[in-house]
Amino acid sequence: MSALEASIREDVEDLHRFFVDWFGGRLERSALETRFAAAIDPGCLYITPDCERMDQPTLVRMMAGAFGANPDFRIAIRDVRIQRDLGDTVLATYVERQAGAQRSASRNGRFTTVLMTKSTPHRWLHIHETWLPEAEQAMGDFDF
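What you are looking at is a predicted structure, and each value in this text was computed from that prediction instead of being measured. Sequence order as written defines residue numbering, which begins from 1 separately in each chain. For a predicted model such as this one, the threshold for reporting local features is a pLDDT of at least 70, and the threshold for listing and counting side-chain atom pairs is 80 or more; totals across whole chains, interfaces and linings nevertheless cover every residue. Hydrogens and waters are ignored; side-chain quantities use all the structure's heavy atoms.

Caption draft 1: Geometry of the nonpolar core. In this structure, Val12, Phe18, Phe19, Phe36, Ile40, Met63 and Trp124 are the most contacted members of the largest nonpolar core, which totals 34 residues. Put simply, DSSP marks the helices as runs of H or I at least four residues long and the strands as runs of E at least two long, and each gets a number from the N terminus on. Counting only elements with at least two residues in this core, the list comes to helix H1 (3-23), helix H2 (31-37), strand E1 (40-47), helix H3 (56-65), strand E3 (74-85), strand E4 (89-99), strand E5 (107-117) and strand E6 (124-131). For this core, the leading source of residues is H1, giving eight residues. Residues grouped as a nonpolar core are buried Ala, Val, Leu, Ile, Met, Phe, Trp, Tyr and Cys residues, joined through side-chain atoms within 4.5 Å. Exposed residues in this analysis have more than 50% of their type's maximum accessible area, buried residues have under 20%, and partly exposed residues fall in between, with area computed by a 1.4 Å probe over protein chains only.

Caption draft 2: Quick peek at the layout of surface pockets. A cavity here means a set of 1 Å grid points, computed over protein atoms only, where a 1.4 Å probe fits but cannot escape. A pocket is an open set with protein on both sides within 12 Å along at least 5 of 7 lines, and lining residues have an atom within 4 Å of a point. Grid points are joined across faces, edges and corners, and a volume is the space filled by probe spheres set on the points. The space that makes up the largest pocket amounts to roughly 660 Å³. Around the largest pocket sit 32 residues that line it, and Phe23, Tyr46, Met62, Gln98 and Arg110 are the ones nearest its centre. In terms of residue class, the lining of the largest pocket is built from 20 nonpolar, six polar and six charged. The residue classification treats Ala, Val, Leu, Ile, Met, Phe, Trp, Tyr, Cys and Pro as nonpolar and Asp, Glu, Lys and Arg as charged. All others, Gly included, are polar.

Caption draft 3: Molecular detail of the sheet that holds strand E2 (residues 53-55). At least two DSSP bridges between two strands are needed for those strands to be called paired. Taken in spatial order, the six strands of this open sheet run E2-E1-E6-E5-E4-E3, and their pairing is mixed. Edge positions in the sheet fall to E2 and E3, since each of these pairs with one other strand and no more. This sheet shows a mean twist of 15° between the axes of neighbouring strands, independent of strand direction. Should any heavy atoms of two residues lie within 4.5 Å, those residues are counted as being in contact. The angle between two axes is taken between their N-to-C directions and runs from 0 to 180 degrees, where each axis is a line fitted to C-alpha atoms and a helix contributes only its stretch in contact. Strands E1 and E2 of the sheet are contacted by H3, whose axis makes an angle of about 90° with E2.

Caption draft 4: Representation of the pairing of E1 within the structure. In the sheet, E1 pairs with E6 via four bridges, with the strands oriented parallel. Paired with Ile47 across the two strands is His128, which belongs to E6. Two strands pair when backbone bridges link them, and E1 and E2 are joined in this way by three bridges, in the antiparallel orientation. Looking across to E2, one finds that Tyr46 is bridged to Met54. The loop that links E1 with its antiparallel partner E2 comprises five residues; one of these, Cys51, has a positive phi angle of about 70°.

Caption draft 5: Just the pairing of E3, in detail. In this sheet, E4 lies alongside E3 in antiparallel orientation, the contact comprising nine bridges. Of the residues in E4, the one forming a bridge with Arg84 is Leu91. As consecutive antiparallel partners, E3 and E4 are separated by three residues, and within that stretch Gly87 has a phi angle of approximately 90°, a positive value.

Caption draft 6: Here's a closer look at the packing of aromatic side chains. Any pair of Phe, Tyr and Trp rings, taking the six-membered ring for Trp, is counted once the centres come within 6.5 Å. Such a pair is stacked with planes under 30 degrees apart, edge-to-face with planes over 60 apart, and tilted for the rest. Tallied over the full model, the rule gives six aromatic pairs. Considering the side-chain rings of Phe18 and Trp22, the 5.5 Å spacing of their centres and the 25° angle between planes classify their relative orientation as stacked. Taken together, the positions of Phe18 and Trp22, both in helix H1 and four residues apart, correspond to about one turn of that helix. Of the two residues, Phe18 and Trp22, neither departs from the other in class, the shared state being buried. With a centroid separation of 4.6 Å and 70° between ring planes, the pair formed by Trp22 and Phe67 is classed as edge-to-face. Here Trp22, found in helix H1, pairs with Phe67, found in the loop between H3 and E3; they are 45 residues apart in sequence, far enough to count as distant.

Caption draft 7: Geometry of the confidence of the model for the chain. Chain-level statistics for the chain give a pLDDT mean of 93 and a share of 94% at 70 or above. Each residue gets a pLDDT score, which is the predictor's confidence in that residue and runs from 0 to 100. Taken element by element, the chain is modelled with least confidence in helix H4 (residues 134-138), mean pLDDT 77, and with most confidence in E1, mean pLDDT 98.

Now the structure itself:
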């Protein structure tokens, strides 16, 4: 694994640890700005698996209201890969499995494509999630 791929993997895993700890109410509220809003570029577009579109201010507002809302929420990240090195940015993909989710099926899986800066700290420029097919979700390991 290259140093860049390791760095991207760590960033993806760190942001998802933030989500778990944020929804669980286990962080200082200042982490919303220092760990989340700082990582998501102001021009970022997030497309949910249900094709909802959210910009960075909407994401920050949504996260602010979700603090402590789901202490049982868990996420596992798998198969982080750089698909394209585009100079100053990379196109990466990963599989995310969620357990204890409230907005969607309690156990669900999604395939995510993200455009990120290569500079450290990485900035998330675009995020697009797609539901994993039911058969693939059924085969997933949710014991995490």
